[in-house]
4 protein chains.
Amino acid sequence: MLIVMQSHASEEKIEKVVEFIKEKGFDAHVSTGEDHTVIGAVGRKIIDKRDIELLDGVKEVIRITSPYKLVSRVFKPDDTVIDIKGIKIGGGNIGMIAGPCSVESYEQMDATAQKLHSYGVKILRGGAFKPRTSPYSFQGLGEEGLKILRSVADKYNMLVTSEVMEVNQIPLFLKYVDILQVGARNMQNFNLLTNLGEIRKPILLKRGLSATIEEWLMSAEYIMAGGNREVILCERGIRTFEHMTRNTLDISAIPVVQKISHLPIMVDPSHATGLRDKVAPMSKAAVAAGADGLIIEVHNNPDTALCDGAQSLYPEQFADLFAELKALAEVIKKNFS
Amino acid sequence: MLIVMQSHASEEKIEKVVEFIKEKGFDAHVSTGEDHTVIGAVGRKIIDKRDIELLDGVKEVIRITSPYKLVSRVFKPDDTVIDIKGIKIGGGNIGMIAGPCSVESYEQMDATAQKLHSYGVKILRGGAFKPRTSPYSFQGLGEEGLKILRSVADKYNMLVTSEVMEVNQIPLFLKYVDILQVGARNMQNFNLLTNLGEIRKPILLKRGLSATIEEWLMSAEYIMAGGNREVILCERGIRTFEHMTRNTLDISAIPVVQKISHLPIMVDPSHATGLRDKVAPMSKAAVAAGADGLIIEVHNNPDTALCDGAQSLYPEQFADLFAELKALAEVIKKNFS
Amino acid sequence: MLIVMQSHASEEKIEKVVEFIKEKGFDAHVSTGEDHTVIGAVGRKIIDKRDIELLDGVKEVIRITSPYKLVSRVFKPDDTVIDIKGIKIGGGNIGMIAGPCSVESYEQMDATAQKLHSYGVKILRGGAFKPRTSPYSFQGLGEEGLKILRSVADKYNMLVTSEVMEVNQIPLFLKYVDILQVGARNMQNFNLLTNLGEIRKPILLKRGLSATIEEWLMSAEYIMAGGNREVILCERGIRTFEHMTRNTLDISAIPVVQKISHLPIMVDPSHATGLRDKVAPMSKAAVAAGADGLIIEVHNNPDTALCDGAQSLYPEQFADLFAELKALAEVIKKNFS
Amino acid sequence: MLIVMQSHASEEKIEKVVEFIKEKGFDAHVSTGEDHTVIGAVGRKIIDKRDIELLDGVKEVIRITSPYKLVSRVFKPDDTVIDIKGIKIGGGNIGMIAGPCSVESYEQMDATAQKLHSYGVKILRGGAFKPRTSPYSFQGLGEEGLKILRSVADKYNMLVTSEVMEVNQIPLFLKYVDILQVGARNMQNFNLLTNLGEIRKPILLKRGLSATIEEWLMSAEYIMAGGNREVILCERGIRTFEHMTRNTLDISAIPVVQKISHLPIMVDPSHATGLRDKVAPMSKAAVAAGADGLIIEVHNNPDTALCDGAQSLYPEQFADLFAELKALAEVIKKNFS
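Residues numbered from 1 in each chain as written. Chains lettered and ligands numbered in written order. Predicted model: local features only at pLDDT ≥ 70, side-chain atom pairs only at ≥ 80, totals over all residues.

## Some points on the overall build of chain A
Along its length, chain A carries 11 helices and 15 strands. Each of the 337 residues in chain A was classed as buried or not, and the buried ones make up 56%. A separation threshold of at least 6 residues defines the contact pool for chain A, and within that pool the share at least 24 residues apart is 65%. (Helix = DSSP H or I, 4+ residues; strand = E, 2+ residues; numbered from the N terminus. Buried ≥ 20, exposed ≤ 12 C-beta atoms within 10 Å, placed from the backbone. Contact = placed C-beta atoms within 7 Å.)

## With respect to the interface of chain D and chain B
Each partner contributes to the interface: chain D provides 32 residues, whereas chain B provides 32 residues. For the side of chain D that touches chain B, the elements supplying multiple residues, two or more each, are α8 (253–260), α10 (276–288) and α11 (315–331) of chain D. Top contributing element to the side of chain D that touches chain B by residue count: α10 of chain D, with 7 residues. Tallied by class, residues from the side of chain D that touches chain B come to 19 nonpolar, 8 polar and 5 charged. (Nonpolar A, V, L, I, M, F, W, Y, C, P; charged D, E, K, R; others polar.)

## As for the relation of the copies chain D and chain B
Its rotation angle being 180 degrees, the transformation that places chain D on chain B also includes 0.0 Å of axial translation and leaves an RMSD of 0.1 Å. Here the transformation between the copies is reduced to the relation of a two-fold axis. In terms of C-alpha distance to the rotation axis, chain D has Ala285 of chain D as its closest residue, with the C-alpha 1.9 Å off the axis. A shared binding surface is used by both copies, with 100% of the interface residues of chain D retained as interface residues in chain B. (Least-squares fit on C-alpha atoms with pLDDT ≥ 70 in both.)

## Description of the sheet that holds strand β3 (residues 37–42) of chain B
All names here are of chain B. Spatially, 4 strands are ordered β2-β3-β1-β4 in an open sheet, and the strand pairing comes out antiparallel. Looking at strand neighbours, the two that pair on one side only are β2 (27–32) and β4 (58–62), the edges of this open sheet. The mean inter-strand angle of the sheet, taken between neighbouring strand axes irrespective of direction, is 20 degrees. The strands touched by helix α1 (residues 11–23) within the sheet are β1 (2–5), β2, β3 and β4, with β2 carrying the most contacts at an inclination of about 155 degrees. (Pairing = 2+ DSSP bridges. Axes fitted to C-alpha atoms, helices over the stretch in contact; angles between N-to-C directions.)

## So, the packing of helix α3 (residues 106–119) of chain A against helix α4 (residues 143–155) of chain A
All names here are of chain A. In contact at an axis separation of 10 Å, α3 and α4 are set at 35 degrees when each is read in the N-to-C sense. Every pair of crossing elements has a handedness; the one defined by α3 and α4 is right-handed. Contacts from Tyr106, Met109, Asp110 and Ala113 of α3 reach α4 at Ile148, Leu149, Val152 and Ala153. Per-class residue counts for the contact of α3 with α4 are 7 nonpolar, no polar and 1 charged. (Left-handed = near helix turned anticlockwise from the far one by under 90°.)

## Here's the deal with α3 of chain A
Residue and element names in this part refer to chain A. In this model, α3 (14 residues) spans 20 Å end to end at C-alpha, consistent with the 20 Å of a helix rising 1.5 Å per residue. Residues Gln108, Met109, Thr112, Ala113 and Leu116 constitute the buried set of α3. Buried residues of α3, seen end-on, are gathered within an arc of 115 degrees and therefore sit on one face of the element. Among the exposed residues of α3, those oriented more than 90 degrees off its buried face are Glu107 and Ser118. The inward-facing, buried residues of α3 contact β7 (93–99), β8 (123–125) and α4. (Expected span 1.5 Å × (residues − 1). Arc of directions from axis to C-beta.)

## Some words on helix α3 (residues 106–119) of chain D
As for α3 of chain D, its buried residues are in contact with β7 (93–99), β8 (123–125) and α4 (143–155) of chain D. With its phi angle positive at about 100 degrees, Gly120 of chain D sits one or two positions after the end of α3 of chain D.

## Things to note about the environment of Tyr176 of chain B
Residues and elements named next belong to chain B. Here Tyr176 shows up in helix α5 (residues 170–176). Distance in space between the C-alpha atoms of Tyr176 and Ser252 is 34 Å, their sequence separation being 76 residues. Every residue in contact with Tyr176, bar those within four places of it in the chain, is listed here: Leu146, Lys147, Leu149, Arg150 and Val160.

## Points about the pairing of strand β14 (residues 293–297) of chain A
Residue and element names in this part refer to chain A. The element β14 is extensively covered by neighbouring structure, given that 5 of its 5 residues are classed as buried. What you see with β14 is no split at all: Gly293, Ile295 and Glu297 on one side and Leu294 and Ile296 on the other are buried throughout. Two strands pair when backbone bridges link them, and β7 and β14 are joined in this way by 5 bridges, in the parallel orientation. The residue of β14 that forms the bridge with Gly99 is Glu297. Pairing between strand β13 (residues 265–267) and β14: 2 bridges, direction parallel. Bridge pairing links Met266 to Gly293 in β14.

## Examining the confidence of the model for chain A
On average, residues of chain A score 91 in pLDDT, and 98% of them are at 70 or above. Reported confidences for the modelled complex are a pTM of 0.89 and an ipTM of 0.89. (pLDDT = per-residue confidence, 0-100.)

## Comments concerning the relation of the copies chain C and chain D
Overlaying chain C with chain D gives an RMSD of 0.1 Å, the required rotation being 180 degrees about an axis along which the chain moves by 0.0 Å. Most of the interface of chain C is mirrored in chain D, where 100% of its interface residues again form contacts.

## Some thoughts on the environment of Gly309 of chain D
Among the structural elements, Gly309 of chain D can be located in the loop between β14 (293–297) and α11. In this structure the C-alpha to C-alpha distance between Gly309 of chain D and Asn157 of chain D, which are 152 residues apart in sequence, comes to 26 Å. Beyond its immediate chain neighbours, meaning those up to four positions away, Gly309 of chain D contacts Asp48 and Asp51 of chain C together with His299, Pro302 and Asp303 of chain D.

## Things to note about the sheet that holds strand β4 (residues 58–62) of chain A
All names here are of chain A. Across the sheet, 4 strands lie side by side as β2-β3-β1-β4; this open sheet has antiparallel pairing. Looking at strand neighbours, the two that pair on one side only are β2 (27–32) and β4, the edges of this open sheet. Recorded for the sheet is a direction-independent mean angle of 20 degrees between the axes of neighbouring strands. Relative to strand β3 (residues 37–42), β2 runs antiparallel, the two sharing 6 bridges. Looking at β3, one finds that Ser31 is bridged to Val38. Running over the sheet, helix α1 (residues 11–23) touches β1 (2–5), β2, β3 and β4 and is turned about 155 degrees from β2.

## Remarks on unusual backbone geometry
Residues and elements named next belong to chain B. A positive phi angle, near 60 degrees, is found at Asn157, a position not held by glycine. Of note, Asn157 is situated in the loop between α4 (143–155) and β9 (159–163). With 9 C-beta atoms packed within 10 Å, Asn157 lands in the exposed category.

## Points about the packing of helix α10 (residues 276–288) of chain A against helix α11 (residues 315–331) of chain A
Residues and elements named next belong to chain A. Running from amino to carboxyl end, α10 crosses α11 at an angle of 20 degrees, the nearest separation of the two axes being 9 Å. Judged by the inter-axis angle, α10 sits roughly parallel to α11. Two packed elements cross with a definite hand, and for α10 against α11 that hand is right-handed. Residues Ala280, Ser283, Lys284, Val287 and Ala288 of α10 form the contact with α11, whose own contacting residues are Leu321, Glu324, Leu325, Leu328 and Ala329. (Parallel < 35°, antiparallel > 145°, perpendicular 65-115°, else oblique.)

The structure is reproduced here in structure tokens:
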């Protein structure tokens, strides 16, 4: 931590700051420049930098060590590659997850999975517990949904991902699901994160609607701090002033995250845009920018979907898109797993 | 719901839209203007308007009924006044909640409460379970914290509020706490909201960092839909591009909410700004704009606080501020309860 | 325009609204639903919809005709293709503009242009008048800069673009420049836009930092309303809460704009991210998403650049990137012109 | 400037950075901590910090001197008080500016000014050149408007403010106007700012819709750097994701600006909210938070206003509000001038 004193700070004020940080368990290195005295505070303790900023004569306090450790490339320079029964995500392998917003029935899942499997998709998605902004909307099938998901996936030899919303749902998810999804609204549900740190299945951690990249990485740190090293980040759009799309998909988060973290980063173009005809261009953008995977909503019959039909692709649309994405991946020397 | 057709929409396309909405359980009223045909869809069913927007020839779909009902002034024209053992919030009565960020010890709470009580504060706050962005920070005293809070409050005949973070903590809170607080990060934890709808104690519902006012009201609707009619809204700053304050306190949310809802709205200037010297001006602004209450962080010794000391007022600062706030309230013909 | 009355609106209130809009020059069509009466106001007059919203008994006023006309696909269904001396932008042709932030000297421009020309770039960029946030920064060479730009471009048979900042600079730009650029800060300099509507050279209109897509299109409308039909839109990042990149490049603006407007849309990844190592991934994302062109900062020696060296590519980096972009374009069946 | 090296930075890398900054005209002070070497760069030159951030082994570069000088309290500790013919703004004196959005006719201005004067308002506003998002809207009366404004103000012995949009309009404004207003869209029209620095009349500088407080102060610096020391800042709402109000009025900007700058800061609640019934609460909030003035739209007959009638107060509404504001000011020991 660097403490920059105001240009007119007296010796006495400097001394007081030095005493303060020593009391808090830090070493102090004073360096006097032409204009400003700068005090380096060295130590491993955690301190709220505002406490120092409020001391007399302090101009600014600058944190120089990152708040996250395990998610950082400093800690682990090489890309993390998640490997689930041979299906790889990260390090040049692009994962493709597809499926409907909600599990509605066995027939719907079977019809959808059969198509996706035929196109080469290896991971099936489908919501069983749905977070809905209105108390009057369809809330999901619950455990029944997870059962259907598992049974259909087994039929086609696919993996399965679904969103876990509560700590007490974790045992259920461990039984049925290969990748546990944490939704955008739960990105800072710290108790849930802590508990997911104790299991040993991969977590797909969506970015909160208004979460900075640093906060997002801190949430991944929560999971990793518990011992679970398999975290997949997932960008799904941030909230901005622009309302022509539901959210603004932050494609630049891909190279930013890949520089500072070793974790794979996927993109969800369906929730980001909220509109079917924007899914294809944004999927292509994500792959071209270097994303480690995509999670796309596809429904065997979007017109009758109980949820988010408007952003779900028709199976044939998805097939065309997937072919194009494979060709783009080849150009940048990656490949879909 | 109004469906505006494109100006060149054919009879056939119009017919198809009419069929579609009838199938979904709505009545259709077609009105042909010079430029555009407009179809009114009348009914009580819930439908994703994007499903209609994707139909051929549709230009735009406009929802004309609000998504919330119970929170609306249409449903209940008069201000809701929360009355807890004679302490009133709403309808001209301004509530004042004060206390430290976290309960740290009996001595700290007692010293703080003794001062606050002497200034006329009737409701004490203090966190027992703390949501922290870093897994390496102080996480609160848990039930022990709630016990201390209750025992100190009883000593000074005060009410108590604290943040509940999980469904399974609710019984504990019912035992010790008068007002249950829902934090900004939990504003869309729908399962928690549903469960809080089933209890009969007032809920202080903070606005999420990036929640629109409509989403916030929908979360209040979740609670009210369960039968709990005592919801207090609490504005605590929204996330914007400006980083000189931690968040941007949206003072204009006060008159906006008061126009469309009968629920009282409080303001938390401490978390919104994150800096002690901004708490006084923003508290005064909130009262002048018509807020129904304030929740302010005060610590008997902010310099040693385990959490958020930088935004906590010294007891004497608070005393001066409270006196000024009472004078401002008088001008706008309200009073602190 | 549709005027939705409140559910309890009396006959008298409805009558008053009808009178009001008739007075303003509109025809009124009243349609009475189960819950709400809706009044359609038909006419060509301009009216501030808030004037109606303030009338007694009105719930909401909805504009159903777009505020822009000439920029819309309704007005012109086919893609506009800008053709400057055989170099095409739009309708499947991707334009590539490259060059340094500022024109610094003949030698610098010559060295840069020589390389770019050898890579196949046909349009050269370079600032002569620079908008700088600090009054103490380098402000550009002025007319001397434009002369250098023109003379170097002529040497390599290239086109030239540069930013015009004031109405009285227009004659100068007409003399030296092929495409006139309007910077993000001038996107709503309406007087400048009006004057650019009267010339007959293409305008590259950057999106303002906090401009909605609708406002951006309205600014293009200003230019087109004057008779200049050659407008190229340019997305260059919007301001959001995320500060790890200078701005957030809104890639989704590409398909959104292409759906509602016939105008070509380019992307400026250099200003959007502000960092050299983010330029390549974002350029690829833009092309994959369907952008009609890119404008990229390249400097013969970024380390000595007087301005924005940190976001300028080295010539060799650009060469590699351009090759990759051509391969991506091929996959989506477009080509660089 | 402080340059923080990565924890594993070699001696060689440190040496290269030191050389680089010396070459750029800075002195270097190297300070080696346990984890990180920090290099202090001391000097008066301007350098883009990203140029250093891109050097090998550099983790972060931190600017420690503010980019603004003249606007800062370090430069001038006491409040600037603008005094125009005895009417004071700043340092405990609250200025009140009122009047219609646009000058429409002599009769309209006379009727409005007569009322405002009778309520004690000393400064009249009125637009003559209007920036309009649509090319099809009313654009103002031009010089004729300024003449009317002046003549009416003289009749009632009032001061006058109006928005200047272009450099070449300055002479006209010097002739008719006492305070020249710079609109939000022109906050970074650097050429205009530079030219306003050369005149000797007060400038009311509105904050841009997406301008950070730092950028806003930099724009004030442009004016002051030219020798014009009379700048009044004016907060008028920033663009956020919330759309229930036109913009989000950033009340916290008042104490933030007052801490770092000596310049007075006013608030425009009319443009910030865009709705008449929100003007009163936000005006009260601004005064309570310590604003040095208000600029409020009042029209003798808002229902017939050619522009922004929906956000204009009726004269009687304004009279009531002004009385209440005076009582609030008294509580915080300030007074309207």
